[in-house]
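The chain contents come next:
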Amino acid sequence: MCCPTEEGLIRGKLQHLPEVHAMQFNLLNRTLLVQHDAGAAPLLIKTIASLGMQATPLASETRVRIEQMDCPTEERLISDKLARQPGIEALYFNLMQRVLTIRHSSDALQPALQVIRELGFTPQLEGGEGQPTAAEPTPDGRPWRLIIAGIAAFLAELVHFTDTAPQWVVALIALGAILTGGLEVYKKGWIALKNFNLNINALMSIAVTGAVLIGQWPEAAMVMVLFAIAERIEAKSLDRARNAIRGLLALTPERATVRQADGSWQALDVAQVGIGSVVRLRPGERIGLDGEVLAGHSTVDQSPITGESLPIEKSLGDPLFAGTINQSGALEYRVSAAASNSTLSRIIKAVEEAQGARAPTQRFVDRFARIYTPLVFLLSLAVAVVPPLLLGGGWYDWIYRALVLLVVACPCALVISTPVSIVSGLAAAARKGILVKGGVYLENGRHITHLALDKTGTLTHGKPVQTDYRPLADAADTYIKLAASLAARSDHPVSQTVAKAAQEQGVTPDEVQGFEALPGRGVRGVIDGRRYQLGNRRLLTDLGLRSAEIDSQLDELEQQGKTVIVLSDDARALGLFAVADTLKASSREAIASLHQMGIKTLMLTGDNQHTAQAIAAQVGIDEARGDLLPTDKLATVEKLLEQNGVVAMVGDGINDAPALARADIGFAMAAIGTDTAIETADVAIMDDDLRKIPSFIRLSQQTATILKQNIALALGIKMIFLAMTITGQVTMWMAVFADVGVSLLVVFNGLRLLRK
Ligand SMILES: Nc1ncnc2c1ncn2[C@@H]1O[C@H](COP(=O)(O)OP(=O)(O)OP(=O)(O)O)[C@@H](O)[C@H]1O
Ligand SMILES: [Zn+2]
């Protein structure tokens, strides 16, 4: 495969296969990246062979759902074993979603799945990159077992306490409780131990077995049952965080009313509706697919995506988004994206990926847990052996303390405390219409010291109107037509405004030859054999056409916050056009909140310094820098970065993409309509409301607070118990209660963010 016709051939053939979801060709490297259903690779190779080409599979990525995997110790268990398998190139764990993405060579998948099974997990293949399905809740399985185990454990304790039966009866009842309630724990623990892994199951198994060996039957039973119950509650509450994002998906209706070839209407499953289909919407109906209005007028509540409940007017040509709600009128629209690729689906996918990437605190905690557990394990060995041998302590007493220490060695609460907070924070942000592309940004948002803002479209509406036209030479009546002819060819907002104003006056543009855009300056072209330019002061300077008279007129208009461009031929300036953009009502308030947070604001714009200053003064921005070329914007951000600040930049991502990418945090505004913004920004603000930035920073602060509380809680209580265990004040019961209690506490504390 080396030429585009071959690409076309392959694409034509593969795109009709239902197993294929997406293709990306790279003719230079002769590679084709295909997203396909699991197991479809041989079919693809055969199809390509039928075209007379030979395909050699390189590596593919497979998403595997592993229901029982939700603790980092399990992750380590899998990764230690799997990474050593031949053909495995990379592993990406997402514990919150319980999904493991394996990058592997084509024949390595089955052995890898086998390894996972041997470790006691049940891997399920996910169907390619299709529409994300709502995560299944933790299976309920065997609640009766826990109930029986609980009753038995209680009985054992009761009989032991009241001394109504011989010791062997107590032991028998307790054994029953341990086996019914804790068989799973033992199984998992054994697999972990075999692999030199000390996960919670291994620790609990040792502790309970130890308790049995020293004759603490009722206690062993109670501890095991309590642990099993707590695990269950914890898993359930984690499901809540896990599904907070997926819950958004429940917003899209399952069916849409689609026009058939014969003109009739039929309700179809949204997954079956193709691009280009025409869909009808009743008033009050939820929108099922992304599309563009073909007929009708209505307002749409876009709050499910933007977090902004102000209804948006929709008529011919306006975009509609799956998951939003049609209000008063009936609409017909043409579908523009498959259900699995709607804006909402992409948001959900992005947030899920964001969860997979570890935030800094989480990495720290994971590292800590890695040494904490083995350390406490060694400590407990020492506690069991050293005092009795060297200090004359009682064996029984110290072994018991050592077993309690094993329970305290569990890092669960600590390890779980960060992801649950981050995920809840990400979900809360998504609900507000703020798409955060990684926990890092949520953690660092509160450290922002400088915010650079683009002017057009960020602070202003980006929809300027023409305010002034002034001829500078005679024969003035032809200038509007000349300017409009040039302007109509450009998609720059300033040109567009001039073109529109002329059109409204009934002026039709002339033919332009040799049209050229001069970035940061304006445009030029030849009309009727003569060359004309339309552009800003910089362009006039380049042409050597500045004069005191023109400068004073420009100064005057620019100081009113207007943007002025001048029409000129090669000899003189002919006329000037001023346009003015309106400030968004929310901008002032947003800037004021940012200042209250101690953040310095800086406006960066390609527009001239006067206009920049005038606008900056109106919104209350600290500093304005005008006359910047896109490269200057980047340089400004870089200079700020050198001053050790945390620099964020907000823009619409069109001419400020490099600066956005370079900043510590890049915010893209009005992302709902633009795919690139969702994909490239660090944080995408779905609507165009600048106040989302202070609210993101507040959320970042709240997340940080909860993270700190959680780590302090988890660590603090562990440390207290560690000390108290060694001095012999803690029973195994209490240790289990403390451990699972803290786990639950941090989970619930993290979930509080969902309500922010
Ligand atoms: N195609 C064009 N038509 C008319 N004027 C233009 C054109 N291109 C640039 N200009 C002039 O140059 C100035 C700078 O343009 P540039 O595209 O760099 O910034 P901008 O997009 O207008 O502003 P911002 O940086 O705030 O988004 C504009 O304000 C305008 O005066
Ligand atoms: Zn634990």
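The rules we used
- Residues numbered from 1 in each chain as written.
- Chains lettered and ligands numbered in written order.
- Predicted model: local features only at pLDDT ≥ 70, side-chain atom pairs only at ≥ 80, totals over all residues.
- Near = placed C-beta within 6 Å.
- Helix = DSSP H or I, 4+ residues; strand = E, 2+ residues; numbered from the N terminus.
- Nonpolar A, V, L, I, M, F, W, Y, C, P; charged D, E, K, R; others polar.
- Buried ≥ 20, exposed ≤ 12 C-beta atoms within 10 Å, placed from the backbone.
- Core = buried A, V, L, I, M, F, W, Y, C linked by C-beta atoms within 7 Å.
- Contact = placed C-beta atoms within 7 Å.
- Domains from an automatic or database assignment.
- Axes fitted to C-alpha atoms, helices over the stretch in contact; angles between N-to-C directions.
- Parallel < 35°, antiparallel > 145°, perpendicular 65-115°, else oblique.
- UniProt positions renumbered as here; feature names shortened; annotations may be inferred.
- Pairing = 2+ DSSP bridges.

S.K.: Explain the site of ligand 1 residue by residue, including any values.
M.R.: In the vicinity of ligand 1 lie 21 residues, with Lys 455, His 492, Ser 495, Thr 605 and Gly 606 positioned nearest. Of all the secondary-structure elements, those providing two or more residues to the shell around ligand 1 are helix 15 (455-459), helix 17 (493-504), strand 20 (522-527), strand 21 (530-535) and strand 22 (563-568). A per-class count over the shell around ligand 1 returns five nonpolar, 12 polar and four charged.

S.K.: Quick rundown of the environment of Pro 493? Include the residues and the values.
M.R.: Topologically, Pro 493 is positioned in helix 17. Note on Pro 493: 17 C-beta atoms within 10 Å, which makes it partly exposed. Through-space distance from the C-alpha of Pro 493 to that of Val 465 is 9.6 Å; in sequence the pair is 28 residues apart.

S.K.: Give me the lowdown on the nonpolar core, citing residues and values where you can.
M.R.: Residues Ala 177, Leu 203, Ala 221, Met 224, Leu 435, Phe 667 and Val 683 are the most contacted members of the largest nonpolar core, which totals 171 residues. Of all the elements, helix 13 (residues 412-431) adds the most residues to this core, at 13 residues. With residues up to four places along the chain from it excluded, the contact list for Phe 667 reads Ala 648, Met 649, Val 650, Ala 681, Val 683, Ile 685 and Ile 693. Formed by 32 residues, the second largest nonpolar core is a distinct cluster that contains Leu 482, Ala 484, Val 498 and Phe 577.

S.K.: So what about the domain arrangement of the chain? Which residues, and what values?
M.R.: Interface size is often expressed as the accessible area that is lost when the parts come together. Domain annotation of the chain identifies domain 1 (4-125), domain 2 (255-341) and domain 3 (465-580). One C-alpha centre belongs to domain 2, the other to domain 3; they are set 41 Å apart.

S.K.: Can you lay out the packing of helix 25 (residues 692-726) against helix 26 (residues 732-751) for me, pointing to particular residues and giving the numbers?
M.R.: It is at 9 Å that the axes of helix 25 and helix 26 come closest, and there the two elements cross at 175°. On the basis of the axis angle, helix 25 is roughly antiparallel to helix 26. Mapping the contact onto sequence places Ile 706, Gln 709, Asn 710, Leu 713, Ala 714, Ile 717, Phe 721 and Thr 725 in helix 25 and Ala 735, Ala 738, Val 742, Leu 745, Val 746, Asn 749 and Gly 750 in helix 26. Its residues placed into classes, the contact of helix 25 with helix 26 shows 10 nonpolar, five polar and no charged.

S.K.: Outline the UniProt feature "transmembrane region" (unreviewed entry) in the chain, supporting the account with residue identities and numerical values.
M.R.: Residues given the UniProt feature "transmembrane region" (unreviewed entry) here are residues 168-186, 206-230, 371-392, 398-427 and 732-754. Helix makes up 87% of residues 732-754 and strand makes up 0%, while its end C-alpha atoms are separated by 34 Å.

S.K.: For the sheet that holds strand 28 (residues 683-685), give the residues involved together with the corresponding values.
M.R.: With respect to topology, seven strands assemble into an open sheet ordered 16-28-27-26-17-24-25, the strand pairing being mixed. Every interior strand has two partners, whereas the edge strands, strand 16 (434-436) and strand 25 (623-625), have only one. For this sheet, the mean angle separating the axes of adjacent strands, direction not counted, is 20°. Both strand 17 (residues 450-454) and strand 26 (residues 647-651) contribute to a ladder of four bridges, which runs parallel. Each bridged residue has a counterpart across the sheet, and for Leu 451 the counterpart in strand 26 is Ala 648.

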